[in-house]
Amino acid sequence: MGFLRGKGRPSGGRSAARALALGLVLAGWASAQRGQRGPEGSPPGPIARAFAGQRTPAELRRRLCSVEASEIPMLFRLAAGGRLPGGDPDGLAPLDDAERQAVREALCARPRRELVPFLGDLATRPIDPSLRGEAQRLLGCMGSADHLKLLARLTHPFNERGAVPPELRAGFSAAMGAILARDPAALAQVRGLFSESPPGLASSIVEALASLRSSAATRILGDLLGRSPGLDPLLLARLAERGRLRESGTESVFESVRRYLKKSDPTLVTAAVLACGLLGDDGAVESLIDLLDHTDERVRRGVFVALERISGLALGEAPARWTSWYQSETRWWEEKAEVLLLRIERGRGLEFVRAAREALEHRLFRDRIAEAFAQTLQRGGDEEVLLACRALEQLRSRLGVPGLIECLESDDSRVRAAAWKALRAITGVELPPEVDSWASLAG
Amino acid sequence: MQLGKHAGSVRTGSRRGSALVLSLVAVATVVVLSASFSQFASAVANRQTQAVHRKRAFYLAEAGLSEAFAGFSCGKSGSVGSLTEPARLGDGLFWVEAVELDEDVVRLESTGMIGTGSAKLSLVVRRGEESVAALGVFSTGQVTLGPGSLVDAYDSTKGDYTTQADKSGAALGSNAGISVTGSLAEPSVVKGDVTPGTNQTVSTSGSVTISGSTSPALSDTVLPAVDVPVLKLGSPQVHGSPYPLVIPAGGAGYQALTVQAGAQVIIQGPAQVVLGSLTLEATAELSFDTTKGPVELYVTDALDLATGSLLSSSSTSPEDVLIQVPGVTAQAIELRASGPFHGVIYAPETPVVVGGEFELFGALVAQKLTFEGASSLHFDKHLAELAAELALPVVLSWRLVEIENTSGDLSVDPFDLLGVVKNLLPPPSGAHADQTLSVDYYDFSNAYHRYTGLESQFDWNVVKSVITATRDGEEVLFPTSTTSKLGTKKSPGVAPIVDGPMI
């Protein structure tokens, strides 16, 4: 387009006139090739001119970025509809994926001051799902915390029950997820947005939060439990998907979930039971044991699954075995654990080995045991550290990750190898045995 | 003094005799020690030899189990040889007895013998399961494709559908006729084989492109019945809340589930869900959350996905979502939902109508299949690989039954012990129990043959390639084959040469 505009602009000179004629011929030829130019008799608009001639997607994007701000609505409709605007729709060839992507990238590159008023205006107009979906996508790629409410307005419920069309629901979650991932300040606004949003949007907010793998998002998910009872099953399900939680401050999440173990609705109890299991909530074991004789079969089965998850033991569907296991574990914790964990933290040689061996036989409150071994990593001799690395690998607790990362720099090659192995086992991530590679997982 | 001298001579004589006695005692001791040592060494060697025989017998029994399992995998009974005619392997022998414990569960008991060693091992195996997903798009009744239909293939393990250049390899089949219609504006395309039933044809009208063969099937395909899990069904549910209804992982069932406009139901895997009927109104959504495991949905009475409704899955692996309709429903199943759905739909006794907006990534099998408009079915070729894996038997348990020496005499030979002539015994591959073999094959001159009779009377050396084969009705799998079974077997288009006994 730049080439055609430059050569085709009337400048009064003969050479310019020739260039204009050539430009028009080329433009006409290009139009004929694509069969999708402006209305008959009218000169092609800036956007149509951008599509003229040979161009790569990058070139097309560059040309579209340079159009005037007044062309934004046209550009937006082009991104939404996938066809060049202004012509006879039947005669237009649809844009291919690369061209459409170039249009979207060009829109995203526009300054926010140009886009936001336009999108704000769109939110006040009758709902057209394809335009709203495009607007969501656009906000997702350029929006920040300030635009969350605009995103919600664009996704307003469309029926009397407050339901949102599925495609807008998914678009909202994706856009909000992208904003939350890009702008940390957006997380602070989620609670407020949740309170103000109609029910149809609340589940999409939860889905957006669930897509964010951060402890802050986990805590917000936990906080939202109980605020809209209809949404609790979804919140429990999404919390459960976050796996074993060991970040600081997640005790409140555990407590929020545990409250649902005492509910009367079996579906809700089942969801909470499964969540406790998947989150690895040792503190819920006592309540889970109490649910072993629940009248609902789904709850009972869920309890077995949860106990297996928490303990790492496969005692089957036998309540008596689980009860017995729990009693022996609590007895051990009450009578022996304190001394043994102290020996692990401070002991040396045989004393340490004996204490470690006994502690590793116990599967309840594994993180507390792991904490003791993590202490050893910092102060123990090489042999103790080596054993502690192996113990942490066995315990699969994330509490040991920072210490294990430091061990990757140990002078002893055996310690380095054991720490690397433990890190891979705990995190499930395959990274090279270098501290820098693991730094992001140090928490 | 004399007395003393006499006394001294007596002492001298006594000393001489004692040397002899001492020598004799020493010699006797050495002899006894040597004999004892020899005896001990012989006993140790004997024990060591017996231990070696036991170990070798153990390996022979293992070889027997392997041979039986390999045979079992390709439709044989699992019995190899017998006590009266065992299989010979090296200097030893083995035989395997197959005992049917339960439906599709068989115990293989292998006895190996060599020298004085004897070992018996037991393996319990379950026959492989039949999967219909490899059939692609299949119907036992008529298949009708409307204008704008697209049936193609991709491989979900090789990335997104849109990124794959090769879309060939689709399988569209039926036990009846297949009709494909297209128009200039809406051409219909099948990128692969279209296989009508035996003696049936593919009829096309308008703009239709079929890239593969349209020759009919070799034989009718029998679809296995659906086993519905027994679950207590809850009362009918009408879900219209703006909050999603979440069905948690595990087992759940409702007599009916209606999802009203704009509402959403999420089924969390791993789960088995049984529904009497399932209705999705326009803009309602049914989501399958398979991040923690697959979802199996059984709908027994009616399945209606209205135009504008949405089926979605968190995974793009079709094997993660299986929708099954076990019996005959009062009305045809209507799949008019929009959007891409990754899964397998299996309704062997019910007609299915596919709406114009429905786009399936996976496989679809029904009693009768009608594509109303420009619907797209993308067959996932990875399903065929999974089906091939699923068809292999599964080992449930292994145990050592006994291991012993049949005799303390090392010269004992198991062949003598059983009263068999070593050189007359068959090798392991020839010792499998005889079965009725039914095979369609091409010989080396590419002539099409069919043989039905005892396998012992069939000469496999005349076979160039097998079209299809069964042993006692069980399909013969060829584990060494590099390609998975896709779609239905094609008829060669000519009458076979029927073979009689060859051996």
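This is a predicted model, so every value here is computed, not measured.

Thresholds applied
Residues numbered from 1 in each chain as written. Chains lettered and ligands numbered in written order. Predicted model: local features only at pLDDT ≥ 70, side-chain atom pairs only at ≥ 80, totals over all residues. Helix = DSSP H or I, 4+ residues; strand = E, 2+ residues; numbered from the N terminus. Rg over C-alpha atoms; globule rule 2.2 N^0.38 Å. Buried ≥ 20, exposed ≤ 12 C-beta atoms within 10 Å, placed from the backbone. Contact = placed C-beta atoms within 7 Å. Pairing = 2+ DSSP bridges. Axes fitted to C-alpha atoms, helices over the stretch in contact; angles between N-to-C directions. Nonpolar A, V, L, I, M, F, W, Y, C, P; charged D, E, K, R; others polar. Left-handed = near helix turned anticlockwise from the far one by under 90°. Domains from an automatic or database assignment. Arc of directions from axis to C-beta. pLDDT = per-residue confidence, 0-100. Parallel < 35°, antiparallel > 145°, perpendicular 65-115°, else oblique. Core = buried A, V, L, I, M, F, W, Y, C linked by C-beta atoms within 7 Å.

**Student:** Explain the overall build of chain B here, please?
**Tutor:** Helix and strand content of chain B: 3 helices and 33 strands. Taking 2.2 N^0.38 as the reference for a compact globule, 503 residues should give roughly 23 Å; the C-alpha atoms of chain B span a radius of gyration of 36 Å, well beyond that estimate. For chain B, the spread of C-alpha atoms along the three principal axes comes to 150 × 65 × 40 Å.

**Student:** Can you help me understand the overall build of chain A in this one?
**Tutor:** Regarding its fold elements, chain A presents 26 helices and 0 strands. Each of the 443 residues in chain A was classed as buried or not, and the buried ones make up 39%. The contacts of chain A with a sequence gap of at least 6 include a subset with a gap of at least 24, amounting to 65%.

**Student:** When you look at the pairing of strand 25 (residues 339–354) of chain B in this model, what are you seeing that I'm missing?
**Tutor:** Two faces belong to every sheet, and in a regular strand the side chains alternate between them. All names here are of chain B. Most of strand 25 sits out of view: 12 of its 16 residues are buried. In this structure, strand 23 (residues 321–324) lies alongside strand 25, joined through 3 bridges in parallel fashion. In the sheet register, glutamine 324 faces strand 25, and the bridge partner there is tyrosine 346. Here strand 24 (residues 333–335) pairs with strand 25 via 3 bridges, running parallel. Paired with leucine 335 across the two strands is valine 354, which belongs to strand 25.

**Student:** Even after reading the chapter, I still don't get the sheet that holds strand 1 (residues 87–89) of chain B, so can you show me in this structure?
**Tutor:** By definition, the strands of a sheet pair up through backbone hydrogen bonds, in either a parallel or an antiparallel sense. All names here are of chain B. Strand order in the open sheet formed by 5 strands is 1-2-3-4-28, and the pairing between neighbours is antiparallel. Looking at strand neighbours, the two that pair on one side only are strand 1 and strand 28 (394–405), the edges of this open sheet. Taking the axes of each pair of neighbouring strands and ignoring which way they run, one obtains an average angle of 25° across the sheet. The pairing of strand 2 (residues 92–102) with strand 3 (residues 105–114) spans 9 bridges and is classified as antiparallel.

**Student:** Just to check I follow, could you spell out the interface of chain B and chain A for this structure?
**Tutor:** Think of interface size as the accessible area that goes away when the parts come together; that is how it is often given. If you look at the interface, chain B gives 22 residues, while chain A gives 26 residues. Only strand 16 (250–254) and strand 18 (264–268) of chain B provide two or more residues apiece to the side of chain B that touches chain A. Broken down by class, the residue content of the side of chain B that touches chain A amounts to 11 nonpolar, 9 polar and 2 charged.

**Student:** Even after reading the chapter, I still don't get the packing of helix 4 (residues 57–65) of chain A against helix 6 (residues 97–108) of chain A, so can you show me in this structure?
**Tutor:** Helix-helix packing: each pair is described by the crossing angle between the helix axes and the interaxial distance. All names here are of chain A. Remark: helix 4 packs on helix 6, axes separated minimally by 8 Å, with the N-to-C direction vectors making an angle of 35°. Both helix 4 and helix 6 take part in a crossing whose hand is right-handed. Here Pro57, Leu60, Arg61, Leu64 and Cys65 of helix 4 lie close against helix 6, whose contacting residues are Ala98, Glu99, Gln101, Ala102, Val103, Glu105 and Ala106. A per-class count over the contact of helix 4 with helix 6 returns 8 nonpolar, 1 polar and 3 charged.

**Student:** Looking at this structure, I do not really get helix 14 (residues 232–240) of chain A. What am I missing?
**Tutor:** Since the α-helix turns once every 3.6 residues, residues separated by three or four places project in the same direction. The buried count for helix 14 of chain A comes to 9 of 9 residues, which makes it a mostly enclosed element. Among the residues of helix 14 of chain A, Asp232, Pro233, Leu234, Leu235, Leu236, Ala237, Arg238, Leu239 and Ala240 of chain A are the ones counted as buried. Among the structural elements, helix 12 (199–210), helix 13 (215–224), helix 15 (251–258) and helix 16 (266–279) of chain A together with strand 15 (245–247) and strand 18 of chain B are those in contact with the buried residues of helix 14 of chain A.

**Student:** In this structure, what is going on with the domain arrangement of chain B? I would like to understand it.
**Tutor:** Per the domain assignment, the segments making up chain B are domain 1 (16–126 + 408–421), domain 2 (133–388) and domain 3 (434–499). For domain 1 of chain B versus domain 2 of chain B, the separation of C-alpha centres amounts to 57 Å.

**Student:** What is the right way to look at helix 20 (residues 337–346) of chain A in this model?
**Tutor:** All names here are of chain A. Along helix 20, the residues that are buried comprise Ala337, Leu340 and Ile344. Down the axis of helix 20, the smallest arc covering the buried residues is 70°, so these residues share one side. In helix 20, the exposed positions angled more than 90 degrees off the buried face are occupied by Glu338 and Val339. Buried residues belonging to helix 20 abut helix 19 (319–335), helix 21 (349–359) and helix 22 (366–379).

**Student:** So what exactly am I meant to see when it comes to the sheet that holds strand 30 (residues 448–454) of chain B here?
**Tutor:** All names here are of chain B. Ordered in space as 32-31-29-30-33, the 5 strands form an open sheet in which the pairing is mixed. The open sheet has two free edges, formed respectively by strand 32 (474–475) and strand 33 (497–499), since each of these has just one partner strand. The pairing of strand 30 with strand 33 spans 3 bridges and is parallel. Each residue of the ladder has a partner; that of tyrosine 451, found in strand 33, is aspartate 499.

**Student:** Would you mind showing me how to read the environment of glycine 453 of chain B here?
**Tutor:** All names here are of chain B. With respect to the element layout, glycine 453 can be found in strand 30. Overall, glycine 453 belongs to the partly exposed group, with 15 C-beta atoms counted inside 10 Å. Sequence separation between glycine 453 and valine 274 is 179 residues, and the spatial gap between their C-alpha atoms is 44 Å.

**Student:** Looking at this model, I keep getting lost on the pairing of strand 23 of chain B. Mind explaining?
**Tutor:** Looking at chain direction, strand 21 (residues 295–305) of chain B and strand 23 of chain B are connected through 4 bridges and run parallel. Looking at strand 23 of chain B, one finds that tyrosine 298 of chain B is bridged to glutamine 324 of chain B.

**Student:** Is there a simple way to think about the confidence of the model for chain B in this case?
**Tutor:** Interpreting fine coordinate detail is not advised for predicted regions of low pLDDT. Residues and elements named next belong to chain B. Per-residue confidence for chain B gives a mean pLDDT of 87, with 95% of residues at or over 70. Taken as a whole, residues 1–5 scores under 50 in pLDDT and shows 0 contacts with residues more than four places along the chain or in a different chain. Complex prediction metrics read pTM 0.76 and ipTM 0.72.

**Student:** So what exactly am I meant to see when it comes to the packing of helix 16 of chain A against helix 18 (residues 297–311) of chain A here?
**Tutor:** All names here are of chain A. Running from N to C, helix 16 and helix 18 point in directions that differ by 10°, and their axes come no closer than 7 Å. When the axes of helix 16 and helix 18 are compared, the pair comes out roughly parallel. The residues of helix 18 that touch helix 16, namely those facing Pro266, Val269, Thr270, Val273, Leu274, Cys276, Gly277 and Leu278, are Arg298, Val299, Gly302, Val303, Val305, Ala306, Arg309 and Ile310.

**Student:** How do you make sense of the nonpolar core when you look at a structure like this?
**Tutor:** Taken as a class, soluble globular proteins show a tendency for nonpolar side chains to be buried jointly. Counting residues in each nonpolar core, the largest one holds 164 residues, and the members touching the most others are Leu236, Ala272, Val273 and Ala275 of chain A. Ala355, Leu387, Leu392 and Cys407 of chain A belong to the second largest nonpolar core, which has 33 residues in total.

**Student:** Sorry, what's going on with the confidence of the model for chain A here?
**Tutor:** When pLDDT is averaged along chain A, the result is 80, and 85% of the positions lie at 70 or above. For the stretch residues 1–43 of chain A, pLDDT sits under 50, and the model shows 49 contacts to residues farther than four places along the chain or on other chains.

**Student:** How do you make sense of the domain arrangement of chain A when you look at a structure like this?
**Tutor:** All names here are of chain A. According to the domain assignment, chain A contains domain 1 (2–108), domain 2 (113–212), domain 3 (241–331) and domain 4 (336–441). At the interface, 9 residues of domain 1 touch 10 residues of domain 2. Of all the elements in the fold, those that place two or more residues in the side of domain 1 that touches domain 2 are helix 5 (72–81) and helix 6. When residues of the side of domain 1 that touches domain 2 are assigned to their parent elements, the largest contribution, 5 residues, is made by helix 5.

**Student:** Is there a simple way to explain the environment of arginine 112 of chain A in this structure?
**Tutor:** Structurally, arginine 112 of chain A is set in helix 7 (residues 112–123). The sequence separation of arginine 112 of chain A and glycine 143 of chain A amounts to 31 residues, and the corresponding C-alpha distance is 8.1 Å.

**Student:** It is not clear to me how unusual backbone geometry should be interpreted in this structure. Could you clarify?
**Tutor:** With the exception of glycine, most residues fall at negative phi, and the peptide bonds are largely trans. Of the consecutive residues glycine 269 of chain B and proline 270 of chain B, the connecting peptide bond is found in the cis state with omega at 0°. Looking at the element boundaries, proline 270 of chain B is found in the loop between strand 18 and strand 19 (271–280). Backbone geometry at phenylalanine 365 of chain A places phi at a positive 50°, although glycine is not the residue there. With respect to the secondary-structure elements, phenylalanine 365 of chain A resides in the loop between helix 21 and helix 22. Overall, phenylalanine 365 of chain A belongs to the partly exposed group, with 17 C-beta atoms counted inside 10 Å.

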